[in-house]
Amino acid sequence: MKLHMIGNAHLDPVWLWQWQEGYAEIKATFRSALDRMNEFPDFIFTCAGAAYYEWIEHNAPDMFEEIRARVAEGRWVIVGGWWIQPDCNLPSGESFARHGLYSQRYFMEKFGVTAKVGYNVDSFGHHNMLPQILKKSGMDYYVYMRPEEHEKAMERNLFWWESLDGSHVMAYRNPISYNNWSPKNHEDAIYGKGLEVTELARSHEHDLMCFFGVGNHGGGPTIANLRSIRRLQEEEKDCSYEISSPNAYFEKMARSGRQLPIYRDDLQHHASGCYSTHAETKALNRKAEHRLLTAEKFGTLSHLLTGFSYPVEEIRRAWKPVMFNQFHDIMGGCSIREAFEDSREAYGEALHTSAVVLNAALQKISWSVDTMKEGISSLNKESDWQLWEQKDAGVPVVVFNPLSWETHAPIRINKKVAGVTDESGNPVEWQTVRGSRTNGKDDKFDTLIMGRIPAMGYRVYWIYKDKEQPVAQPPAAGSLTAERYALENDWYRLEIEPHTGHIKRLYDKRAETEVLEGSGAVPVVIDEFHCDTWAHGVTEFRKEIGRFADANVKLLESGPLRSVLRVTNRYGESSLSQDYILYRDKPGIEVKVKLDWRERHKMLKLSFPVAVHEPKATYEIPYGYIERPVNGEEEPGLQWLDVTGQAKGGRSGVRGLTLTNDAKYSYDVLGGDLRLTVVRSPIYADHYGERDDDCEFMDQGVQRFSYALLPHEGDWRDANAPARALELNVPPIPIIETYHTGSLPQKAAGIRISSEQLIAVAWKPAEDGDGYILRCHEAFGRSGEAEIEVPQLNRIWNVSFGPCEIVTMHVPSEPGQPVRRVDLIERPADSASEVMSIR
């Protein structure tokens, strides 16, 4: 029997301190580890986090060279393969892919190695698509600690962990802390901890790992720690104690051929309050992730169409603060207030950089579109706005769609118009809506149209200041009516209860079914006085102490394309405004929310009791989905949650409700009651400390977000929940243009994918500079095949995919070279990586 003693330092670059202090902490820790190596020839140090190595490279280059030498010697072991130890539930699938891409390539470039072991010992739970992401990032093994044994009983600490696609990694749950601490408070901490883990190893009948070293604020293994291990080696003869590494441990266990249990689920729950704490950070994360991906897509398209110079370094630099802010104590919302001020600045850097890149790419395309019209002979005499004012020749608006399918979506243009046409001169219906400005009687209005925009492409619409266009309703146009307390179209009837402001009725007209069993969108206030910031030891939030009521209901819009009811209600010092939007020609109910939250030690949830028997709850997780029990436990999820079951009343059959949102990550389902967690307001970084008048509470003030309700027949696949969620999060982008000649047509697609199961998430230049990377994921849990076309490269190919598979393809610039599968760090996937090319 052997205990592998793992010398490490848990490094929180941010928590009860700001990143500047973490920066210094990491330098001191790395210096200490190198000193221990000089003093103890058998000492091996294990460390994760590419960001920390980059800090050392830039700020202490001599120490960086020492580390390089120790890595080459095998005594400094790089693990993790990610930028930091992130929250392992809330970042998007593509964020996890970028952690691996940028970190593993950094490690290879600087040290000649990549991490073999995924390493997130302090993260607060781990989603079930991680095995595939780890495997495709070059890591066959995984170390974690939370949830611990008292939070989730496991058959063994060593097991095979398998994701929905069938990928599996050997996973190890660290049994007793990643630091020197142990619950028995031994006089000699490491000696006593070693004995505890030894007993566990005997019961498991195989080797285990035992971690040691001062951590959280860094520090690492001490001289006393290493002397304690020598004492174990000398005094405990029935077990071998060897200073080792996770690499050595896993390699030995893999060679042993030992039968291990297989676990097919996510690893939850620890610190369930962290799924919703500090709403601003979570909203900024979602926004930054999507903006970066959109900038990459259109930067690539613009390069192919116009020769736009794709800013590789700027994009890579913008991803780094996003990845850093996904650190579990930042993304998890459990750091000090000052840390979140830093986080806001870092997200601002990423958002601004990506906005600059995106704008340049879009305007390079829009400027290259031929927008000259008959009758406009010269731009030298009159400017475009003079033509707009005097001749009303129309102004072109180029609308871009970042998604990989044609979208039918509302497009808002910040001009009041009298007419709209498409690129062929066909009249387009429009509606005047209130803008965000108040600048005179007429200049405070925008124009709304419903556009159809090609996949990852663009389309030109023309707006006219005074010239009315003879708009006739399309033959397939539906109906839309608005009343004081109700909205109705061909899909639904939505009724609001006047006094409370809750949804009184949501009726699915096509399915002839009541969607809700009782009132919906009920703002439920939950007591959290006895919770700390993390909500340690709490798995469900159901202690209701009140509801928002005292409603004011106002009909804001009643137009040909959409109608809007605003419901404002109150609780205590807080107010909640929800704008319910029903479109004539688009299914679903969109809701724009403005919350002014002034409560303390309380949580707000929106409740939707879905009228189904035998409900099943399905959550979006990074690059996948998971079905979880409907037992009321708080659960992490990304952009959508669905509850489906057998319909109650009306026509029999499978029915359900999908809820999508653009900023939230926390939900629960009890029976059929689907609840979205909107906000919670604990004290900053409060672990049951001594509370006084200087304590500051989180999430006070105004926040805005959107959600949508999608009643459906069948399950969430029939509603195409993944696509609908992305449409809410990534709307079309309009650019108001001028008149000019150009080489591009007024309508073009950037990609075509024949299967709705396959969603293109990333389209970017390859990291090595040769060709392009297209990354898709299968969204429905079904195998299949798709034809993919990239018109700008004159490329068409077929690709097969398995259930929930992440498919990354390298598309060479050279037309004669085949498209090949690669892994997440852009290495060839296997010897049979070639994808069938049609041309």
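Parameters at a glance
Residues numbered from 1 in each chain as written. Predicted model: local features only at pLDDT ≥ 70, side-chain atom pairs only at ≥ 80, totals over all residues. Heavy atoms only, no water. Helix = DSSP H or I, 4+ residues; strand = E, 2+ residues; numbered from the N terminus. Contact = heavy atoms within 4.5 Å. Areas by Shrake-Rupley, 256 points an atom, 1.4 Å probe, with all protein chains shown as cover. Buried < 20%, exposed > 50% of the residue type's maximum accessible area, 1.4 Å probe, protein only. Pairing = 2+ DSSP bridges. Expected span 1.5 Å × (residues − 1). Arc of directions from axis to C-beta. Axes fitted to C-alpha atoms, helices over the stretch in contact; angles between N-to-C directions. Parallel < 35°, antiparallel > 145°, perpendicular 65-115°, else oblique. Left-handed = near helix turned anticlockwise from the far one by under 90°. Nonpolar A, V, L, I, M, F, W, Y, C, P; charged D, E, K, R; others polar. Phe/Tyr/Trp six-rings, centres within 6.5 Å; stacked < 30°, edge-to-face > 60°. Lys NZ or Arg CZ within 6 Å of the ring centre and 35° of its normal. Patch = residues over 30% accessible without salt bridge, like charges linked within 9 Å, V, L, I, M, F, W, Y side chains within 5 Å. Salt bridge = Lys/Arg side-chain N within 4 Å of Asp/Glu carboxyl O. Lys, Arg positive; Asp, Glu negative; His and termini not counted. Charge placed at Lys NZ, Arg CZ, Asp CG, Glu CD. Polar contact = N/O pair within 3.5 Å; in protein donor to acceptor, adjacent residues only side chain to side chain. Core = buried A, V, L, I, M, F, W, Y, C linked by side-chain atoms within 4.5 Å.

(A) Spatial organisation of the overall build of the chain. On a plain count of helices and strands, the chain comes out with 15 helices and 45 strands. In terms of overall dimensions, the chain has C-alpha extents of about 95 × 65 × 50 Å along its principal axes. For the chain, the share of sequence-separated contacts (at least 6 apart) that also reach a separation of at least 24 residues comes to 72%. Surface summary for the chain: the accessible area is close to 31,000 Å², and the carbon and sulfur share equals 47%.

(B) Representation of the pairing of strand β30 (residues 624–628) within the structure. Most of β30 is tucked away: four of the five residues are buried. Across five bridges, the pairing between strand β29 (residues 612–621) and β30 is antiparallel. What sits directly across from Glu620, in β30, is Tyr625. Between β29 and β30, which pair antiparallel in sequence order, lie two residues; one of them, Tyr623, sits at a positive phi of approximately 55°.

(C) Focus on the sheet that holds strand β34 (residues 666–670). With respect to topology, six strands assemble into an open sheet ordered β23-β22-β28-β35-β34-β31, the strand pairing being antiparallel. In this open sheet, the two strands that pair with only one neighbour each are β23 (544–547) and β31 (635–636). With seven bridges connecting them, strand β28 (residues 602–609) and strand β35 (residues 673–680) associate as antiparallel partners. Its bridge partner being in β35, Leu604 is matched across the sheet by Val679.

(D) Summary view of the pairing of strand β12 (residues 407–413). Side chains of β12 alternate between two faces, with Thr407, Ala409, Ile411 and Ile413 buried and His408, Pro410 and Arg412 left unburied. Here β12 pairs with strand β15 (residues 445–453) via seven bridges, running antiparallel. Within the sheet, the bridge partner assigned to Arg412 lies in β15 and is Leu448.

(E) Inspection of helix α3 (residues 61–73) at higher detail. Taking 1.5 Å per residue as the helical rise, α3 with its 13 residues ought to reach 18 Å, and the 19 Å between its terminal C-alpha atoms agrees with that figure. Within the sequence span of α3, burial applies to Met63, Phe64, Ile67, Arg70 and Val71. Take α3 and look down its axis: the buried residues cluster within an arc of 120°, on one side only. Seen from the buried face of α3, the exposed residues on the opposite side, beyond 90 degrees, are Asp62 and Ala72. Here the buried face of α3 lies against α1 (19–39), α2 (50–59), β3 (76–78) and α4 (93–111).

(F) Inspection of the sheet that holds strand β42 (residues 784–790) at higher detail. The strand order across the open sheet formed by three strands is β39-β42-β43, and the pairing between neighbours is antiparallel. Unpaired on one side and paired on the other, β39 (752–753) and β43 (795–801) mark the two borders of the sheet. Inspection of the sheet shows β42 paired to β43 by seven bridges, in the antiparallel sense. Bridge pairing in β43 places Ile788 opposite Trp797.

(G) Focus on the packing of helix α9 (residues 279–306) against helix α10 (residues 312–325). At their nearest, the axes of α9 and α10 sit 11 Å apart, and the two run at 165° to each other. Taken together, the axis directions place α9 and α10 in an arrangement best described as roughly antiparallel. Seen along the crossing, α9 lies across α10 with a hand that is left-handed. Between α9 and α10, the residues in contact are Asn285, Ala288, Glu289, Leu292, Leu293, Ala295 and Glu296 and Ile315, Ala318, Trp319 and Val322, respectively. In terms of residue class, the contact of α9 with α10 is built from eight nonpolar, one polar and two charged.

(H) Fine view of the packing of aromatic side chains. If you walk through the whole model with that rule in mind, you get 38 aromatic pairs. Each ring, one from Tyr142 and one from Tyr144, has its centre 6.3 Å from the other, and the planes form 15°; the classification is stacked. Members of the aromatic cluster, each reached through a chain of ring pairs, are Phe30, Phe43, Phe45, Tyr53, Phe64, Trp76, Tyr106, Phe107 and Phe111. Across from the ring centre of Tyr191, 3.6 Å away, lies the NZ or CZ of Arg231, which sits over that ring. In this arrangement the basic side chain of Arg628 is found over the ring face of Tyr619, its NZ or CZ atom lying 4.8 Å from the centre.

(I) Local environment of a negative patch on the surface. A cluster of acidic side chains, namely Glu690, Asp692, Asp693 and Asp694, defines a negative patch on the protein surface. You can see Asp693 is positioned in the loop between β35 and β36 (701–713). A residue is classified by how much of its surface remains accessible, and Asp693, at 80% relative accessible area, is exposed.

(J) Just the side chain of Asp122, in detail. The residue Asp122 is located in the loop between β4 (117–120) and α5 (130–135) in this model. Within the local environment of Asp122, its side chain forms a polar contact with the side chain of Arg146, the two groups lying 2.7 Å apart. A distance of 3.0 Å separates the side chain of Asp122 from the side chain of His328, its partner in a polar contact.

(K) The nonpolar core, seen in detail. Residues Phe30, Tyr53, Trp76 and Tyr707 are the most contacted members of the largest nonpolar core, which totals 214 residues. Element by element, the count of residues in this core is highest for helix α12 (residues 337–368), at 10 residues. If we ignore the near neighbours within four places in the chain, the residues touching Tyr53 are Phe30, Cys47, Ala48, Phe64, Ile67, Trp76, Ile78, Tyr106, Phe107 and Phe111. Core analysis: the second largest hydrophobic core is formed by 22 residues, Ile751, Val790, Phe801 and Met809 among them.

(L) Broad picture of the pattern of salt bridges. Counted by the stated rule, this structure contains 72 salt bridges. Salt-bridge contacts for Arg680 lead to Glu528; the nearest nitrogen and oxygen are separated by 2.9 Å. Residue Arg680 is found in strand β35, and its partner Glu528 is found in the loop between β22 (522–527) and β23; the two are separated by 152 residues along the sequence. The residues Arg680 and Glu528 share a single accessibility class, namely buried. Where salt bridges share partners, they join Glu483, Glu488, Arg493, Glu495, Arg505, Lys509 and Glu514 into one cluster.

(M) Representation of unusual backbone geometry in the model. For the bond running from Arg146 to Pro147, omega is 5°, close enough to zero to count as cis. Structurally, Pro147 is set in the loop between β5 (141–144) and β6 (158–162). Non-glycine residue Ala535 carries a positive phi angle of around 60°. When you line up the elements, Ala535 lands in the loop between β22 and β23. Classification of Ala535 as buried rests on a relative accessible area of 0%. One non-glycine residue, Asn720, adopts positive backbone phi at about 50°.

(N) View of the packing of α3 against α4. For the pair α3 and α4, the least separation of the axes is 10 Å and the interaxial angle reads 90°. Classified by the angle their axes make, α3 and α4 are roughly perpendicular. Contact with α3, carried on its side by Phe64, Ile67, Arg68 and Val71, involves Tyr106, Lys110 and Phe111 of α4 and no other residues of that element. When the residues that make up the contact of α3 with α4 are grouped by side-chain class, the tally is five nonpolar, no polar and two charged.

(O) Structural detail: the side chain of Ser368. Looking at the element boundaries, Ser368 is found in helix α12. In terms of polar contacts, Ser368 uses its side chain to reach the backbone carbonyl oxygen of Lys364, at 2.8 Å. Ser368 has contacts with Thr306, His740, Gly742, Ser743 and Leu744, leaving out every residue within four places of it along the chain.

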